[in-house]
Amino acid sequence: MQTDQLTRLAEILTAQHEICQQLIASVDKQREAIRDRQPPIIEETAREQEDLFGQLSQWEEERVALVSADGPDLSTIIAQAPAPWRERLGELGRQVRGALETVLEKTRINQKLLEQELALIGMYLSVLSPGDDADAYGQPGRRRRSRPAGPLALDTRA
């Protein structure tokens, strides 16, 4: 690769790393919002992350276009680059890769937290839902069915 292409590749990798840092901050903010049960912030960070992933994809498309789709991969380019570029591009590549791994791991954690919240909400709804015998309280003189319609938080039939 020529020097101007190596310069552009370094710019692309730097931009990707910056976006990854923004993604990490957004994912961390989202985790706190999940823990604090703040749906508006969860939605806001999800939109922000979607936008950032879009930007990251655009930079990746530019990187692929720079080296051509059937060209060498990043590690091959780095290995073939002259000495000063080899170290710089190698470090940038490691930074981007590490940041992406961090984003993916933190995103998986947030996904698990959201799944737990949804399961908890489902449990709350099943406990609070009236079930088939909801009208038992509304009609005096009618006996309540002996079989509960769903899970009970506290069985009062003692």
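Remember, it's a predicted structure, so these values are computed and weren't measured experimentally.

Colleague: For this particular structure, what's the right way to read helix α2 (residues 39-67)?
Modeller: Given 3.6 residues per turn, any residue in an α-helix points the same way as the ones three and four places further on. Here α2 is 29 residues long and its end C-alpha atoms lie 42 Å apart, about the 42 Å a rise of 1.5 Å per residue gives. Restricting attention to buried positions, one finds in α2 the residues Ile42, Thr45, Gln49, Leu52, Leu56, Arg63 and Val67. Of the surrounding elements, those touching the buried residues of α2 are α1 (3-35), α3 (74-80) and α4 (83-128). Just past α2, the residue serine 68 takes up positive phi, approximately 70°.

Colleague: Would you take a moment to explain the nonpolar core for this structure?
Modeller: Nonpolar side chains in soluble globular proteins generally cluster together in the buried interior. If you look at the biggest cluster of nonpolar residues, it comprises 13 residues, and the most contacted ones within it are Leu6, Leu9, Leu13, Trp85 and Leu89. Contributions of two or more residues to this core are made by α1, α3 and α4. Not counting residues up to four positions away in its chain, the partners in contact with leucine 89 are Leu6, Leu9, Ala10, Leu13 and Ile78. Listed in part, the eight residues of the second largest apolar core include Ile19, Cys20, Ala99 and Val103.

Colleague: When you look at α4 in this model, what are you seeing that I'm missing?
Modeller: An ideal rise of 1.5 Å per residue puts 68 Å on 46 residues; α4 measures up with 67 Å between its terminal C-alpha atoms. Buried within α4 are the following residues: Trp85, Leu89, Gly90, Leu92, Gly93, Val96, Ala99, Val103, Lys106, Asn110 and Leu113. For α4, the elements touching its buried residues are α1, α2 and α3.

Colleague: Sorry, what's going on with the packing of α1 against α4 here?
Modeller: The relative placement of two packed helices is expressed as an angle between their axes plus a distance between the axes. Between α1 and α4, the shortest axis-to-axis distance is 9 Å and the interhelical angle comes to 20°. Regarding the angle of α1 to α4, the classification is roughly parallel. Handedness of the α1/α4 crossing: left-handed. Of the residues contributing to the contact of α1 with α4, the split by class is 19 nonpolar, 12 polar and six charged.

Rules and cut-offs
Residues numbered from 1 in each chain as written. Predicted model: local features only at pLDDT ≥ 70, side-chain atom pairs only at ≥ 80, totals over all residues. Heavy atoms only, no water. Helix = DSSP H or I, 4+ residues; strand = E, 2+ residues; numbered from the N terminus. Expected span 1.5 Å × (residues − 1). Buried < 20%, exposed > 50% of the residue type's maximum accessible area, 1.4 Å probe, protein only. Contact = heavy atoms within 4.5 Å. Core = buried A, V, L, I, M, F, W, Y, C linked by side-chain atoms within 4.5 Å. Axes fitted to C-alpha atoms, helices over the stretch in contact; angles between N-to-C directions. Parallel < 35°, antiparallel > 145°, perpendicular 65-115°, else oblique. Left-handed = near helix turned anticlockwise from the far one by under 90°. Nonpolar A, V, L, I, M, F, W, Y, C, P; charged D, E, K, R; others polar.

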